[in-house]
Amino acid sequence: MSVTTPKGPQLAVLPGAAEDDVSPRAQVLQPSGWPMPKGYANGMAAEGRFVVTGGVIGWDAEERLADGFVAQVRQTLSNIAEILAEAGARPEHLVRLTWYVVDMDEYLTNLKELGKIYRTIFGAHYPAMALVQVVRLVEKAARVEIEATAVIPR
């Protein structure tokens, strides 16, 4: 009988909640030997009820866009939090965010402020994230659009 060693990185599964928490939560997937990401997770695993948003932009209930990129991000993340709440989901149930921005430099220039806004709305929970620069969004004045996926534990 021969034993083979798997090739490729080993995978670590990090719990997303304290051990005394009775409800299972999403788990952060962090391959061993990989550097720890800052502000996002490489992957997430979760079981439960899926909650998916469409592309959410930074406008209010009267469809008025916030003024400027940072303000639009704040409103967009707040809108996502409201959509999650409608389903009974909380920020820690987020497993994925996909950001679409019209100007990558605008995003990178404002990272520190964006991090503060994110933590104010979602706390220190960082799901898997992707960031994509696009030519434009459906609403011409929109600077950012974000899709969210959450999983509510059963």
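Rules used throughout
Residues numbered from 1 in each chain as written. Predicted model: local features only at pLDDT ≥ 70, side-chain atom pairs only at ≥ 80, totals over all residues. Heavy atoms only, no water. pLDDT = per-residue confidence, 0-100. Helix = DSSP H or I, 4+ residues; strand = E, 2+ residues; numbered from the N terminus. Contact = heavy atoms within 4.5 Å. Salt bridge = Lys/Arg side-chain N within 4 Å of Asp/Glu carboxyl O. Buried < 20%, exposed > 50% of the residue type's maximum accessible area, 1.4 Å probe, protein only. Expected span 1.5 Å × (residues − 1). Axes fitted to C-alpha atoms, helices over the stretch in contact; angles between N-to-C directions. Parallel < 35°, antiparallel > 145°, perpendicular 65-115°, else oblique. Left-handed = near helix turned anticlockwise from the far one by under 90°. Nonpolar A, V, L, I, M, F, W, Y, C, P; charged D, E, K, R; others polar. Core = buried A, V, L, I, M, F, W, Y, C linked by side-chain atoms within 4.5 Å. Phe/Tyr/Trp six-rings, centres within 6.5 Å; stacked < 30°, edge-to-face > 60°.

**Quick look at the confidence of the model for the protein chain**
Then step 1. For the protein chain, the average pLDDT comes to 86, and 84% of its residues sit at 70 or higher.
Then step 2. When the elements of the protein chain are averaged for pLDDT, strand β1 (residues 11-14) gives the smallest value, 40, and helix α2 (residues 104-109) the largest, 98.
Then step 3. Low pLDDT (under 50) marks residues 1-23, which in the prediction has 25 contacts with non-local residues, meaning those over four places away or in another chain.

**Some points on the pattern of salt bridges**
As a working rule, side chains carrying opposite charge can pair if their charged atoms are close by.
Then step 1. A complete count under the given rule lists four salt bridges for this structure.
Then step 2. Among the ionic pairs, D60 bridges to R64, the shortest N-O distance being 2.9 Å.
Then step 3. By relative accessible area, which is 23% here, D60 ends up partly exposed.
Then step 4. For the salt bridge of E62 with R64, the shortest nitrogen-to-oxygen distance reads 2.7 Å. The same class applies to E62 as to R64, namely exposed.
Then step 5. By sharing partners, the salt bridges in this structure join D60, E62 and R64 into a single network.

**Focus: unusual backbone geometry**
Then step 1. With a phi close to 60°, E63 is a non-glycine residue in the positive phi region.
Then step 2. Note that E63 resides in the loop between β5 (56-57) and α1 (69-86).

**Looking at the environment of A66**
Then step 1. Tracing the sequence through the fold places A66 in the loop between β5 and α1.
Then step 2. Of the residues examined, A66 reaches a relative accessible area of 22% and is grouped as partly exposed.

**Thoughts on α1**
Residue pairs three or four apart in sequence face the same way in an α-helix, which turns once every 3.6 residues.
Then step 1. The end-to-end C-alpha distance of α1 is 26 Å, a good match for the 26 Å that 18 residues give at a rise of 1.5 Å each.
Then step 2. Those residues of α1 lying buried are F69, V70, Q72, V73, T76, L77, N79, I80 and L84.
Then step 3. Where α1 is buried, its residues contact β4 (49-52), β5, β6 (94-101), α2, α3 (111-122) and β8 (144-152).
Then step 4. G88 occupies a position one or two residues after α1 and carries a positive phi of about 85°.

**Structural notes on the side chain of T76**
Then step 1. Along the chain, T76 falls in helix α1.
Then step 2. A relative accessible area of 0% places T76 in the buried class.
Then step 3. Residues contacting T76, with those up to four places away along its chain left out, are V56, I57, G58, V144 and I146.

**A short note on the packing of α1 against α3**
Then step 1. Two numbers describe how α1 lies on α3: the axes approach to 10 Å, and their chain directions differ by 20°. As the angle between them shows, α1 and α3 are arranged roughly parallel. Between α1 and α3 the crossing geometry is right-handed. Between α1 and α3, the contacting residues are F69, V70, V73, R74, L77, S78, I80 and A81 on the first element and E113, L114, I117, Y118, I121 and F122 on the second.
Then step 2. Looking at the contact of α1 with α3 residue by residue, the class counts come to eleven nonpolar, one polar and two charged.

**So, the nonpolar core**
Then step 1. One finds F69, L77 and W99 to be the most contacted residues of the largest nonpolar core, which totals 24 residues.
Then step 2. Secondary structure elements with two or more residues in this core: α1, β6, α3 and β8.
Then step 3. Here this core gets six residues from one element, more than from any other, and that element is α1.
Then step 4. Excluding anything up to four places from it in sequence, W99 contacts V73, L77, Y107, M129, A130, L131, V132, V144, E145 and I146.

**Here we look at the packing of aromatic side chains**
Then step 1. Inspection of every chain in the model, using the stated rule, returns three aromatic pairs.
Then step 2. Measuring from ring centre to ring centre gives 5.2 Å for Y118 and F122, while their planes differ by 70°; the resulting arrangement is edge-to-face. Here Y118 and its partner F122 are both found in helix α3, four residues apart, which amounts to about one turn of the helix.
Then step 3. For the pair Y118 and Y126, a centre-to-centre distance of 5.4 Å together with 20° between the ring planes defines the contact as stacked.
Then step 4. Y118 gets classed as buried once you look at its relative accessible area, which sits at 4%.
Then step 5. An aromatic cluster is present here, built from Y118, F122 and Y126 joined pairwise through their rings.

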